[in-house]
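Fold and geometry: a report
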Amino acid sequence: MRHAGWIAGAATAVLVAAGAITYAAADGDRSGTKAPAADSADAGFARDMAVHHQQAVEMSYIVRDRTEDVEVRRLAYDIAQTQANQRGMLLGWLDLWELPKVSPDPPMTWMGMGDMASGEDGSLMPGMATNAEMKRLGTLNGKQAEVFYLQLMTDHHKGGVHMAEGCVAKCAVGVEKRLAKGMVEAQESEIALMADLLKARGAKARQHSTP
């Protein structure tokens, strides 16, 4: 039954994303705004944040199976639902704009950070966990899994906030800028919550996570 709830939630997220995409298209029709270019901040943010979000969803599904703690499982559920929904919106916009979902340019090029060191062991963008860290998360249980997940997700959210703030500053499509602003507010709130959850477990966020 536990798995059924997550599956049902994922289906709901898809439906919500579809509605949001329809709204985005209507918003564009009303404003008469042309689709952004493939190398625009709007397209770059949509592509990069979709990848960034996918890892957050994966981490949340991993920790769901590694702990029975209600607070952490609830947070993981909320993150997985929200970011799967937003990822569907971002990819949907790329479809509507008839733009590719991948780019020959390095990640973060749209923010002027294409020359940063990226891709090391799967960590493609600020805040993303490495492949080794993802593998380790899948080996931990109970409190150890909770603490490591909260630390990884705090890093992840800080990187996500940095990217979303970039879109707020650089994106031209109104509905995408509003989504990015909402990401900043929601993820900053969750960072504060995760700090409290870590403190309750005698731990704290890692110190190297600021982009």
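Structure: above.
Everything numeric here is computed off the predicted structure, so don't read it as measured data. (Residues numbered from 1 in each chain as written. Predicted model: local features only at pLDDT ≥ 70, side-chain atom pairs only at ≥ 80, totals over all residues. Heavy atoms only, no water.)

1. Notes on the pattern of salt bridges
- Inspection of every chain in the model, using the stated rule, returns seven salt bridges.
- A single salt-bridge network, built from bridges that share partners, covers Asp 69, Glu 71, Glu 146 and Arg 201. (Salt bridge = Lys/Arg side-chain N within 4 Å of Asp/Glu carboxyl O.)

2. Looking at the environment of Glu 98
- By the element assignment, Glu 98 lies in the loop between α3 (70–96) and α4 (131–137).
- Taking relative accessible area as the criterion, Glu 98 reaches 72% and is therefore assigned exposed.
- Taking the C-alpha atoms as reference points, Glu 98 and Ala 38, 60 residues apart in sequence, are found 9.1 Å from one another. (Helix = DSSP H or I, 4+ residues; strand = E, 2+ residues; numbered from the N terminus. Buried < 20%, exposed > 50% of the residue type's maximum accessible area, 1.4 Å probe, protein only.)

3. Quick look at the packing of helix α5 (residues 142–170) against helix α6 (residues 174–200)
- One can describe the packing of α5 onto α6 by two numbers: an axis separation of 8 Å at closest approach and a directional angle of 155°. Between α5 and α6, the interaxial angle falls into the category roughly antiparallel. The handedness of the crossing between α5 and α6 is left-handed. (Axes fitted to C-alpha atoms, helices over the stretch in contact; angles between N-to-C directions. Parallel < 35°, antiparallel > 145°, perpendicular 65-115°, else oblique. Left-handed = near helix turned anticlockwise from the far one by under 90°.)

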